[in-house]
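# Coordinate analysis (summary)
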Amino acid sequence: MPEVPGVTSVQVPDAAAPLLLSGARLPGSPGPVDLHVVDGRVASIRPSGGMPERRADDGAAVRRVHLDGRFVVPGLHDRHVHASQWAMVSRRLDLADAGSAAEVAALVAASVDAAVASGAGEVIGFGYRDGLWADAPTLAVLDAVSGDVPVVLVSADLHACWLNSAAARRHGVLETAGTSGVLREDDCFALVRELDDIADDVLDAWVGDAAERAAARGVVGITDYEMRWNRDDWARRAARGIRSLRVSFGVYTQHLDRAIAEGLRTGDAIEGTGGLVTVGGYKVITDGSLNTRTAWCFDPYPGLDAHEHPYGLATVPFDELVPLMRRASQADLTPAVHAIGDQANARVLDAFERVGCRGSIEHAQLLRHEDVARFAALGVVASVQPEHAMDDRDVAERYWAGRTDRAFMLAELATAGVELALGSDAPVAPLDPWVAIAAAVGRTRDGRDPWHPEQAIAARVALAASTNGAGDTVREGMAADLAVLERDPLSATVDELRTMPVSATLLAGRFTHSTPSVG
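The model shown is predicted, which means the values in this text are computed figures rather than measured ones. All residue numbers here refer to positions counted from 1 along the written sequence of the relevant chain. Thresholds applied to this predicted model are a pLDDT of at least 70 for local features of residues and 80 or more for the giving and counting of side-chain atom pairs; totals over whole chains, interfaces and linings are not thresholded and use all residues. Working from all heavy atoms in the structure, the side-chain values ignore hydrogens and water.

### Structural notes on the environment of glycine 99
- The secondary structure listing takes helices from DSSP runs of H or I that are at least 4 residues long and strands from runs of E that are at least 2 residues long, numbered from the N terminus. Locating glycine 99 in the fold gives a position in the loop between β7 (93-94) and α2 (101-118).
- As for glycine 99 and arginine 129, which are separated by 30 residues in sequence, their C-alpha atoms are 7.8 Å apart.

### Overview of the packing of α2 against helix α3 (residues 139-146)
- Only the stretch in contact is used when fitting a helix axis, every axis being a line fitted to C-alpha atoms; angles between N-to-C directions are given from 0 to 180 degrees. Relative to each other, α2 and α3 sit at 30°, their axes nearing to 8 Å. Relative to α3, the element α2 lies roughly parallel. For the pair α2 and α3, the sense of crossing is right-handed. Every residue of α3 that contacts α2 at Ala101, Ala105, Val108, Ala109 and Val112 is listed here: Val141, Leu142, Val145 and Ser146.
- Ten residue types, Ala, Val, Leu, Ile, Met, Phe, Trp, Tyr, Cys and Pro, are classed as nonpolar, four, Asp, Glu, Lys and Arg, as charged, and the remainder, Gly among them, as polar. Partitioned by chemical class, the residues of the contact of α2 with α3 number eight nonpolar, one polar and no charged. Note that the term roughly parallel is reserved for angles under 35 degrees, roughly antiparallel for angles over 145, roughly perpendicular for angles of 65 to 115, and oblique for everything else. We call a crossing left-handed when the near helix sits turned anticlockwise from the far one by less than a right angle, and right-handed when that turn is clockwise. Only heavy atoms matter for contacts: two residues are in contact if any of them lie within 4.5 Å across the pair.

### Description of the layout of surface pockets
- The definitions used throughout rest on a 1 Å grid laid over the protein atoms alone, on which a cavity is an enclosed set of points accommodating a 1.4 Å probe that cannot get out and a pocket is an open set flanked by protein within 12 Å on both sides along at least five of seven lines; lining residues are those having an atom within 4 Å of a point. Grid points are joined across faces, edges and corners, and a volume is the space filled by probe spheres set on the points. Here the largest pocket is characterised by a volume of approximately 720 Å³.
- In this structure, the largest pocket is lined by 28 residues; those nearest its centre are Ala96, Gly127, Arg129, Asp391 and Arg445.
- Among the residues making up the lining of the largest pocket, the classes are represented as 14 nonpolar, three polar and 11 charged.
- In this structure, the second largest pocket occupies an estimated 570 Å³ of space.
- Surrounding the second largest pocket, 35 residues form its lining, Arg79, Thr223, Ser248, Thr266 and Asn468 being those nearest its centre.
- Sorting the residues of the lining of the second largest pocket by element identifies β6 (76-81), β12 (219-224), β13 (246-252), β14 (277-285), β15 (335-339), β16 (359-363), α12 (369-378) and β17 (380-384) as the ones contributing at least two each.
- Looking at the lining of the second largest pocket element by element, the count peaks at four residues for β14.
- Classifying every residue of the lining of the second largest pocket by side-chain character gives 12 nonpolar, 17 polar and six charged.

### Notes on the side chain of arginine 70
- Within the secondary structure, arginine 70 sits in the loop between β4 (63-66) and β5 (71-74).
- At 3.2 Å, the side chain of arginine 70 and the side chain of serine 517 are in polar contact.
- Among residues more than four places away in sequence, those in contact with arginine 70 are Gly23, Ala24, Arg25, Val484, Leu485, Glu486, Ser503, Ser517 and Val518. Counted as a polar contact is a pair of N or O atoms within 3.5 Å, where, for protein atoms, one must be capable of donating a hydrogen and the other of accepting one, and residues adjacent in sequence contribute only when both atoms are in side chains.

### Examining the pattern of salt bridges
- Salt bridges are defined as contacts in which a side-chain nitrogen from Lys or Arg sits within 4 Å of a carboxyl oxygen from Asp or Glu. For the structure on display, the rule yields 37 salt bridges.
- In this structure, the salt-bridge partner of aspartate 232 is arginine 231, at a minimum N-O distance of 3.0 Å.
- Classification of residues uses two cut-offs on accessible area relative to the type maximum, computed with a 1.4 Å probe and protein chains only: under 20% is buried, over 50% is exposed, and between them is partly exposed. Judged by relative accessible area, arginine 231 falls into the buried class, the value being 18%.
- Here arginine 445 ties to aspartate 446 by a salt bridge, and the two come within 3.3 Å at their closest N and O atoms.
- For arginine 445, a relative accessible area of 22% puts it in the partly exposed group.
- Several salt bridges converge on common partners, so that one network encompasses Arg129, Glu387, Asp391, Asp392, Arg445, Asp446 and Arg498.

### Overview of the side chain of asparagine 164
- The topology assignment puts asparagine 164 in the loop between β10 (160-163) and α4 (165-170).
- Given a relative accessible area of 0%, asparagine 164 falls into the buried group.
- In this structure the side chain of asparagine 164 is engaged in a polar contact, spanning 2.7 Å, whose partner is the backbone oxygen of valine 149.

### Looking at the nonpolar core
- Core analysis: the biggest nonpolar cluster contains 77 residues, and Ile222, Ile361, Phe375 and Trp434 have the highest contact counts within it.
- Residue contributions to this core peak at six residues, all from helix α11 (residues 342-355).
- The contact partners of phenylalanine 375, leaving out residues within four places of it in the chain, are Asn345, Leu349, Ile361, Ala364, Leu367, Val380, Val381, Ala382, Leu413 and Val418. Working definition of a nonpolar core: buried Ala, Val, Leu, Ile, Met, Phe, Trp, Tyr and Cys residues. They are joined through side-chain atoms within 4.5 Å.

### Examining the packing of helix α10 (residues 318-330) against α11
- Packing of α10 against α11 brings their axes to within 9 Å, and their N-to-C directions diverge by 45°. When the axis of α10 is compared with that of α11, the two are oblique. The interaxial crossing formed by α10 with α11 has right-handed handedness. Listed contacts from α11 to Phe318, Leu321, Val322, Met325, Arg326 and Ser329 of α10 are Arg347, Val348, Asp350, Ala351, Phe352, Arg354 and Val355.
- Its residues assigned to classes, the contact of α10 with α11 comprises eight nonpolar, one polar and four charged.

### Thoughts on empty space enclosed by the protein
- The tally for this structure, following the rule as stated, stands at five cavities of 30 Å³ or more.
- Lining the largest cavity are 27 residues, with His82, Asp157, Leu158, His159 and Asp425 sitting closest to its centre.
- Among the elements of the structure, α6 (186-195), β14 and α13 (387-399) are those that each provide at least two residues to the lining of the largest cavity.
- A class-by-class count of the residues in the lining of the largest cavity yields nine nonpolar, 10 polar and eight charged.

### Details of the pairing of strand β9 (residues 151-155)
- Most of β9 is tucked away: five of the five residues are buried.
- Burial of β9 is two-sided: the residues Val151, Leu153 and Ser155 facing one way and the residues Val152 and Val154 facing the other way are all buried.
- Should DSSP find at least two bridges between two strands, the strands are taken to pair. Bridge analysis of strand β8 (residues 123-128) against β9 gives five bridges, and the strand direction is parallel. In the sheet register, phenylalanine 126 faces β9, and the bridge partner there is valine 154.
- Assignment of crossover handedness uses the view with strands pointing away from the viewer, where a clockwise path from the first strand over the helix to the second indicates a right-handed crossover. This β-α-β element, β8 to α3 to β9, shows right-handed connectivity.
- Judged from the three bridges that link them, β9 and β10 form a sheet pairing that is antiparallel. Within β10, the position partnered with valine 152 by the bridge is leucine 163.
- With antiparallel pairing between neighbouring strands as the criterion, β9 and β10 make up a hairpin whose turn holds four residues, including leucine 158 at a positive phi of roughly 70°.

### Thoughts on the sheet that holds strand β19 (residues 482-485)
- An order of β5-β19-β20-β21 is seen for the four strands of this open sheet, with the pairing classed as antiparallel. One side of each edge strand has no neighbouring strand; the edge strands of this open sheet are β5 and β21 (510-514). Pairs of neighbouring strands in the sheet enclose a mean axial angle of 20°, with direction left out of account.
- Note: β5 against β19, four bridges, orientation antiparallel. Across the sheet, valine 73 pairs through a bridge with alanine 483, a residue of β19.

Below you can see the structure in the form of structure tokens.
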């Protein structure tokens, strides 16, 4: 199997040798145990030392790995990722700490000469959040520090781009960008897709590196909602040796006809990927985001009374959404619908009820209390990103003032019996489930007081919501997708959860990550 240039990939054979993980501990259970892994599954779990030596069918001894009391949990899944975007972030100008348009301009000014010297010819940045800035993004602010060097800056929520005049001309959006230089929603998405036009071998190398880093955090699988024809991308990557993750990929509206024509169905494995790449859901975006002030709400955004869309933006009208969801569902593509504002969530729930199918709402950030019960009654999964609550708490207090008790309502959803699926929306937040789990459990970061702690969930609930249906503990018969930890996640503090040391990760019984201390 050929390697991707620049990637030290983990080779995953079709069959793994039997394995004995001795001296393991299961969180919440007394005493150490031995886990016997055969054919990629947990064949048995016995008290430590009580399992006889076993041999493989060919007579070879079973490999024994001593875990020395480390904790073993089901491997983690990130249920909402933009894989290519996440892989590109480390190669872009980091704007996350900028507190104003002027600060962004200073960072751009320091990068222009380097971009010219390197031959890049364009400055691409990521991560600005302008919701609380005192000054506004404009073309003029960037033009003053960049001259003829094109500059494209992507917001942290991926729903807006800020350009200078040179970039607006290069990408043919000068008129659309106007004096602000800001593109929002579909205009932004179209430009981001142009930025993604990178040679396959280069992008695959970056994605492979990101996959290895994810495995080092106990991740065994992701759901990729990149706005690409993802099937071919992931089939190619698997063929090139990038096999450290299970990948379920989304299909967007622009590719729905093709997916149906080619017979793609949610859950089907893609041939030639060893079962690691499967078809995910049909992704449709129905509103914007909080930081871009385009999430569709029942109440107007303060200070935007004269704005064209003071309540946010419904990007797919209801009379278009319903037939799209119905067509996908009838083709066995499960809808996964983006909704952030409370009005968007209410209308998407209406659509699920009208179509009569199940699926997920991606984000579900602001809800009416009465809509929580509808999630449960309709069997709609709440695919949520708890770290967004930590990133957005201040901007939410400004633009959703008086309603933040209904923001990121994880506890209320869980209590109502709604299935939670935790994710990151990387690169919006880091592709690290321990960050999401910590945010869900503690509702705090950076030493601040917990934000609406009544919506915190228990560590066991957060862990179960991070394993793609595998639950909160390892059981006999399950796939041997496992994470080996230095701490008990059920008794760890919030800060300890956020920085959880991962000693090893196994995918179908094969090590995709291990530290020298495991062996």
